[in-house]
Number of protein chains: 2
Amino acid sequence: MVKGYPEHISLDEANEIIRNTFKGRVSEHCVNIKDALGCVLSRDIKAERNVPHCAASAGDGYAVRSSSTIGAASATPVKLEKGLFQWVNTGSDLPTWADSVLMVEDSSTDEDAETLTVFRSLPPSMNLRPLGEDVMAGQIIAREGDVVSPALVSLFLCAGIESVPVVRRPKALFIPTGDEIISQAKWLSDARQKSGTAAESNSLFIEASFKNWGYEIDIAPILPDDPNILLDKIMRGAENYDLVLIGAGSAKGRRDHTLEVFERAGRVLFRWLRMKPGRPAMAAEVSSKPVICLPGFPMSTAVVLWSIVYPLLRLLSSKRTVDERSQIKDALGCKYTLDTKLLLQHSSQAGMEEWLRVQVADVGGTIYSWPLTSGASVLLALADADGMAMLPPSSLECEKGSDIEVMMTKDVDLSRRAMFQGSDDPAVQLLTTYIRRRGGDFVSRAVGSMGGLGECHVAAAHLLDESDGGYNDSFIERFSSGKKWERILVFYRIQGIIVKSGNPKHILKFADLCREDVVFTNRQPGAGTRVLFDYYLKKIGRCPADVNGYAQQCTTHMEAANRVSSGLADAALGIKSAADALGLDFIPLTEEPYELVVPEEYMTHPGIAALLDSLKDEEWRDGVERMGGYRWPN
Amino acid sequence: MVKGYPEHISLDEANEIIRNTFKGRVSEHCVNIKDALGCVLSRDIKAERNVPHCAASAGDGYAVRSSSTIGAASATPVKLEKGLFQWVNTGSDLPTWADSVLMVEDSSTDEDAETLTVFRSLPPSMNLRPLGEDVMAGQIIAREGDVVSPALVSLFLCAGIESVPVVRRPKALFIPTGDEIISQAKWLSDARQKSGTAAESNSLFIEASFKNWGYEIDIAPILPDDPNILLDKIMRGAENYDLVLIGAGSAKGRRDHTLEVFERAGRVLFRWLRMKPGRPAMAAEVSSKPVICLPGFPMSTAVVLWSIVYPLLRLLSSKRTVDERSQIKDALGCKYTLDTKLLLQHSSQAGMEEWLRVQVADVGGTIYSWPLTSGASVLLALADADGMAMLPPSSLECEKGSDIEVMMTKDVDLSRRAMFQGSDDPAVQLLTTYIRRRGGDFVSRAVGSMGGLGECHVAAAHLLDESDGGYNDSFIERFSSGKKWERILVFYRIQGIIVKSGNPKHILKFADLCREDVVFTNRQPGAGTRVLFDYYLKKIGRCPADVNGYAQQCTTHMEAANRVSSGLADAALGIKSAADALGLDFIPLTEEPYELVVPEEYMTHPGIAALLDSLKDEEWRDGVERMGGYRWPN
């Protein structure tokens with residue numbers, strides 16, 4: 001069978017199909033001017049009254065007959081008797097006998113206000129706001145297609161207009177689906193959910209986005225994976241709403257009936273986009289209404305919402321569009337763009353538009369950006385990103401230093417932001433808030449001790465020198481290349497073996513990690529903790545092949561501890577605070593110095609100054625002490 | 001007496017005083033995550049659960065034991081019996097015996113799914129979303145000072161968080177005051193309001209602005225000009241709200257008690273700004289709360305709202321501010337800025353920050369901007385503006401061609417916008433909508449026939465040549481300077497004398513306009529209608545001094561007709577449609593050709609193409625015919 005719809009199309013093609021299908025499908029209604037804010041006018045609007053409706057004084061002063069002021073000047077003032085002048089405020093009307101307003105500064109009165117001394121000769125209509133100065137009755141004051149602004153609402157009232165014809169704002173329905181999806185109330189009510197389930201969280205993202213955009217959306221109850229129920233709900237949704245969104249699998253999963261349902265319900269417009277994430281998006285026309293299938297992973301839902309649904313909402317509300325990409329910025333809440341250099345090499349998939357969630361920092365006058373994870377399932381990366389970048393389908397290997405335009409979604413003060421790279425530590429993660437309270441800002445990349453020194457304002461290291469058992473010296477020396485560094489010893493921390501609560505495998509010493517019945521979880525190459533592990537391994541004369549799970553990599557202490565906690569591993573090497581945080585047992589091995597390394601030139605950087613000052617913050621130090629496993633230097 | 005507060009200060013000084021006075025005056029409360037959108041977190045937020053809470057499949061495929069796939073490849077597939085594989089969807093959990101997921105494309109099954117053929121050897125944990133991949137229990141997922149985004153709301157749910165501590169959103173009260181102010185309901189109920197009154201329209205602008213910004217405001221009933229009542233209301237407002245705005249005179253008017261009331265209620269922070277408009281702004285601290293006095297003219301209210309109130313709202317909600325001026329852009333709803341050249345010379349007042357409401361057009365590759373009226377009372381100019389420009393206090397004479405940065409508040413497609421200059425005509429004013437329906441855009445400056453030709457895409461003229469009684473030829477020739485112009489005869493229109501309904505002054509012929517008992521209203525120099533008037537005047541051997549009101553200038557036909565309608569004049573020269581629109585009488589004098597003049601190079605400009613096509617639009621032509629006084633060319 002030949003498919004009646006295109007597959008694997010570009011975002012632009014998808015939007016063009018949608019535009020061509022649903023253009024002009026709008027209806028108008030009359031709304032009170034207060035409710036018209038943000039709506040598109042469906043007709044020209046004419047003033048029903050003159051504004052102002054009578055000539056009025058344009059300032060505070062005296063209404064006079066201009067002819068009575070002839071010849072008046074500072075040197076030759078003219079005196080007017082009572083009855084020939086009258087006080088008027090700005091906006092007041094003039095008595096019928098007066099034709100001009102004398103400003104208060106061009107006059108003086110005696111105590112009883114019996115006479116007025118005039119220091120200036122006035123022509124007729126002086127300081128007078130003429131009738132209709134603002135608008136005149138019958139004048140077109142707003143046009144079909146104009147978006148109603150605060151100024152227009154106010155002007156409508158002044159011009160005697162109570163309601164205006166506007167394009168009806170589209171109303172959307174979101175239908176979450178999936179047997180594995182747990183409702184929000186149920187999810188929150190019990191922390192111990194079954195495996196294989198997930199919270200119905202996308203509707204929160206969608207609702208919040210609609211709220212930010214000023215559109216209404218209803219959220220339907222979660223539907224099970226049953227094509228007949230889904231079909232019925234879509235058909236009814238298309239009858240009652242202007243736009244239906246389905247949160248459903250549209251990949252090749254066995255329970256993904258959406259395509260079949262779309263085919264039964266109406267006409268499929270397209271299936272799958274050449275976009276990453278967001279690839280499994282799908283659209284249909286059902287009872288003349290658009291139905292969009294949003295892929296289930298949060299980042300996939302987000303990008304389809306921004307790049308397909310938001311433009312569609314604008315189309316359905318008759319909002320003019322100057323440029324397709326500017327709509328995406330609007331949708332994101334992007335306030336400004338930054339031209340940045342890519343901090344690390346990035347491989348993009350050929351032929352796919354790719355969305356990157358990036359963070360930014362200005363290091364030494366170069367604004368760098370780096371992508372956070374590319375996983376569509378990772379919501380934190382979306383929350384943490386400073387902005388978004390879109391790589392066009394033509395991008396393949398983006399070298400370090402490539403130009404990347406970032407659509408900024410957060411207000412970042414680059415001049416006050418310190419960028420941290422290096423060894424991960426939960427105590428350091430606590431610092432951000434204290435740095436911010438001191439007017440600085442802080443962004444960190446956990447890249448391990450060896451990855452730290454480079455394009456950053458501050459690095460952290462706890463690197464053991466295997467040759468002499470010392471820490472950091474030889475490493476920093478190797479990297480210094482003539483540069484001057486300041487070293488700040490923050491604390492000593494205890495490294496050891498993290499094991500399950502109760503230590504069921506009776507792991508008592510390092511050599512136990514080589515036992516056959518013990519599954520270990522390792523850290524990434526370059527991490528100080530891995531260097532330490534390798535050092536101990538060598539010391540007892542064993543090799544990586546002797547360790548079950550040596551190849552399994554975590555990038556933070558907490559991640560490693562978590563693998564132990566959840567039973568994916570029996571043991572990990574890590575710091576005591578990570579074990580404590582998850583209620584795990586801990587066998588101490590050694591204490592290591594944790595040092596910050598700051599290039600001398602950045603010691604006065606506002607972000608670094610705030611960071612160094614934060615290290616003395618009592619509240620932070622209390623927090624670190626409560627975490628356990630740290631010791632302050634003397 | 002020495003005043004305890006600064007006067008006539010700059011905007012930056014005013015904002016600094018406010019910042020120093022009210023910084024840190026925030027309180028926190030816990031809100032449901034759904035209500036936290038847009039709020040600022042008052043503490044760090046830690047995940048209460050792992051996300052995902054169990055390891056899950058990262059794709060659709062088969063859960064297998066990795067060890068059972070050893071050696072599998074396309075050339076050497078491995079067959080697995082039933083029980084050794086199990087279908088899993090994306091997000092599903094794995095059976096306990098499985099440790100990896102085989103993607104569907106790396107496998108095949110027989111009809112009955114009794115055996116699975118594996119084409120790829122898998123390591124452990126392949127295609128598996130590890131527990132805590134997104135966030136780990138105990139991890140900080142958002143920080144004090146972060147604004148809650150749609151992604152955060154969603155992430156909070158996933159991480160098991162139901163409510164979060166946020167900075168309380170400030171709530172404002174607006175108090176309109178003034179004996180002359182008419183409530184909205186009363187204003188709309190009767191089109192014949194007393195002179196000297198005005199609608200309470202500012203509250204609509206303020207409410208709409210707050211709505212766009214996402215802040216709450218209550219509107220108090222209108223207060224009379226009574227200092228005691230005002231004092232009481234301010235004191236109670238400061239008790240119950242975080243911010244009180246007063247719409248009140250703060251100039252030198254006799255009824256302007258606001259300063260006195262501020263002094264009695266609390267501490268005046270500043271009075272008057274070096275800003276135009278917005279000069280009479282004032283601020284006080286009352287019961288530790290900010291109270292801002294908004295000057296009464298709409299544009300003055302608007303600029304103080306944008307530049308003082310909006311930053312204050314951000315301050316009271318603990319929103320970080322990178323750059324003062326970017327807040328103003330936010331407040332305006334500015335989406336982008338344009339670098340433009342000033343189309344006409346503009347004189348700015350020394351030492352004053354000046355706000356300009358501007359329109360923009362791209363003519364021949366230069367983006368021009370021109371200010372609309374500078375009158376603070378003119379609301380239409382605010383509604384009509386494409387954006388705002390701020391001239392710094394140092395600006396004095398801005399020559400034509402000066403660089404002006406425009407903060408754009410509307411989406412303008414410069415490539416499709418035709419700019420019209422020249423003779424005003426109500427029928428032409430109707431065209432915009434038809435041009436827009438054809439994908440073009442249209443902006444016009446009524447500068448009179450003689451002012452038209454120049455920096456524009458299209459001009460219009462009906463200029464009488466006094467020497468030969470012909471129209472336009474000699475004028476266009478004079479301006480052409482080698483350029484080629486296309487001339488489009490749009491219609492003939494009847495010019496004549498506009499008089500009051502019933503013609504009470506019995507004005508029957510042109511010479512009657514020179515009668516002593518007749519007050520005339522004229523058009524501006526350069527207007528074709530004025531040229532016509534002068535031609536007739538000369539023809540009957542009279543001079544301007546013989547005409548009562550010759551010096552009185554209107555810039556459009558409607559404005560002239562309106563002066564007649566409202567009794568400010570007995571007669572005006574103008575077109576029949578203007579008289580008809582206001583139900584006035586009309587004495588025809590002549591019929592003149594109204595021509596559009598387009599430089600040849602712009603004939604294919606999308607805006608001009610749409611304009612020329614619109615001239616054939618039946619709906620527009622019907623509208624013009626209904627206006628009366630026009631005749632189409634044969």
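Definitions and limits used
Residues numbered from 1 in each chain as written. Chains lettered and ligands numbered in written order. Predicted model: local features only at pLDDT ≥ 70, side-chain atom pairs only at ≥ 80, totals over all residues. Heavy atoms only, no water. Helix = DSSP H or I, 4+ residues; strand = E, 2+ residues; numbered from the N terminus. Contact = heavy atoms within 4.5 Å. Pairing = 2+ DSSP bridges. Axes fitted to C-alpha atoms, helices over the stretch in contact; angles between N-to-C directions. Least-squares fit on C-alpha atoms with pLDDT ≥ 70 in both. Expected span 1.5 Å × (residues − 1). Buried < 20%, exposed > 50% of the residue type's maximum accessible area, 1.4 Å probe, protein only. Salt bridge = Lys/Arg side-chain N within 4 Å of Asp/Glu carboxyl O. Buried area = accessible area lost by both parts, 1.4 Å probe. Parallel < 35°, antiparallel > 145°, perpendicular 65-115°, else oblique. Left-handed = near helix turned anticlockwise from the far one by under 90°. Nonpolar A, V, L, I, M, F, W, Y, C, P; charged D, E, K, R; others polar.

Things to note about the environment of Leu204(A)
- Among the secondary structure elements, Leu204(A) is positioned in helix 4 (residues 202-213).
- When sequence neighbours within four positions are dropped, the list of residues in contact with Leu204(A) reads Gln184(A), Ile33(B), Lys34(B), Val153(B), Ser154(B) and Leu157(B).

A word on the sheet that holds strand 8 (residues 100-103) of chain A
Residues and elements named next belong to chain A.
- Spatially, 7-5-8 is the arrangement adopted by the three strands of the open sheet, whose pairing is antiparallel. Since the sheet does not close on itself, it has two edges, and those belong to strand 7 (85-88) and strand 8, each with one partner. Across this sheet, the average inter-strand angle for adjacent strands is 35 degrees, counted without regard to direction.
- In terms of strand pairing, strand 5 (residues 61-64) meets strand 7 through four bridges, oriented antiparallel. If you follow Gly61 over to strand 7, its bridge partner there is Val88.

Digging into the relation of the copies chain B and chain A
- When chain B is fitted onto chain A, the two copies agree to an RMSD of 0.2 Å after a turn of 180 degrees and an axial shift of 0.0 Å. Such a combination of turn and shift is consistent with a two-fold rotation axis. No C-alpha of chain B approaches the rotation axis more nearly than that of Lys335(B), which lies at 3.5 Å.
- Here 99% of the interface residues in chain B have copies in chain A that are interface residues too; the copies meet face to matching face.

Considerations on the pairing of strand 23 (residues 336-342) of chain A
Residues and elements named next belong to chain A.
- Alignment of strand 23 against strand 29 (residues 403-408), held across six bridges, turns out to be antiparallel. Across the sheet, residue Thr337 finds its bridge partner in strand 29, namely Met407.
- Examined bridge by bridge, strand 23 and strand 26 (residues 366-371) share two bridges and lie parallel to one another. Residue Lys341 lies in a different strand from strand 26, and its bridge partner there is Tyr368.

Let's talk about helix 14 (residues 528-539) of chain A
- A rise of 1.5 Å per residue sets the reference length of helix 14 of chain A, with its 12 residues, at 16 Å; its end C-alpha atoms lie 16 Å apart and thus fit the reference within 8%.
- Taken together, the buried positions of helix 14 of chain A are occupied by Gly528(A), Thr529(A), Arg530(A), Val531(A), Leu532(A), Phe533(A), Tyr536(A) and Leu537(A).

Overview of the pattern of salt bridges
- Considering all chains together, one arrives at 87 salt bridges over all chains under this definition.
- The residue Asp441(A) makes a salt bridge to Arg320(B) at a minimum N-O spacing of 3.8 Å. Within this pair, whereas Asp441(A) is found in strand 31 (residues 441-446), its partner Arg320(B) is found in the loop between helix 7 (298-316) and helix 8 (324-332), the two belonging to separate chains.
- Residue class for Asp441(A) comes out buried when judged on its relative accessible area of 4%.
- Lys509(A) is paired through a salt bridge with Asp512(A); the nearest N and O atoms lie 3.0 Å apart.
- Of the residues examined, Lys509(A) reaches a relative accessible area of 48% and is grouped as partly exposed.
- One network of salt bridges, with partners in common, ties together Asp146(A), Arg320(A), Asp386(B), Arg417(B), Arg436(B) and Asp441(B).

With respect to the interface of chain B and chain A
- Opposite the 102 residues of chain B that make contact, chain A presents 101 residues.
- Across the chain B/chain A interface, buried area totals approximately 8,900 Å², and carbon plus sulfur atoms make up 57% of it.
- Together, Arg49(B), Leu157(B) and Leu188(B) form the three largest contributors to the area buried by chain B at its contact with chain A, with a combined 8%.
- At the junction of chain B and chain A, the tally comes to 12 salt bridges.
- Elements represented by at least two residues in the side of chain B that touches chain A include exactly strand 12 (140-142), helix 2 (150-158), helix 3 (184-189), helix 4 (202-213), helix 9 (379-384), helix 11 (431-437) and helix 15 (557-565) of chain B.

Observations regarding the environment of Lys233(B)
Residue and element names in this part refer to chain B.
- In this fold, Lys233 is placed in helix 5 (residues 227-240).
- Using a relative accessible area of 19% as the deciding quantity, one classes Lys233 as buried.
- With sequence-adjacent residues up to four places away left out, Lys233 is seen in contact with Leu173, Ile175, Ala220, Pro221 and Leu223.

Notes on the sheet that holds strand 6 (residues 78-81) of chain A
Residues and elements named next belong to chain A.
- Judged by pairing direction, the sheet is antiparallel, and its three strands sit side by side in the order 6-10-9 without closing on themselves. Unpaired on one side and paired on the other, strand 6 and strand 9 (107-109) mark the two borders of the sheet. Strand-to-strand, the axes of this sheet are offset by a mean angle of 25 degrees, without reference to chain direction.
- Pairing of strand 6 with strand 10 (residues 115-118) involves four bridges; the strand directions are antiparallel.

A closer look at the side chain of Thr432(B)
- Here Thr432(B) lies in helix 11.
- Apart from the residues lying within four places of it in its own chain, the contact partners of Thr432(B) are Arg143(A) and Phe442(B).

Some words on the packing of helix 4 of chain A against helix 2 of chain B
- The interhelical angle for the contact between helix 4 of chain A and helix 2 of chain B, taken along N-to-C directions, is 155 degrees, at an axis separation of 8 Å. Relative to helix 2 of chain B, the element helix 4 of chain A lies roughly antiparallel. Helix 4 of chain A and helix 2 of chain B meet at a crossing whose hand is right-handed. Residue-level inspection shows Asn202(A), Leu204(A), Phe205(A), Ala208(A), Ser209(A) and Asn212(A) of helix 4 of chain A in contact with helix 2 of chain B, the latter providing Pro150(B), Ala151(B), Val153(B), Ser154(B) and Leu157(B).
- Residues of the contact of helix 4 of chain A with helix 2 of chain B, tallied by class, amount to seven nonpolar, four polar and no charged.

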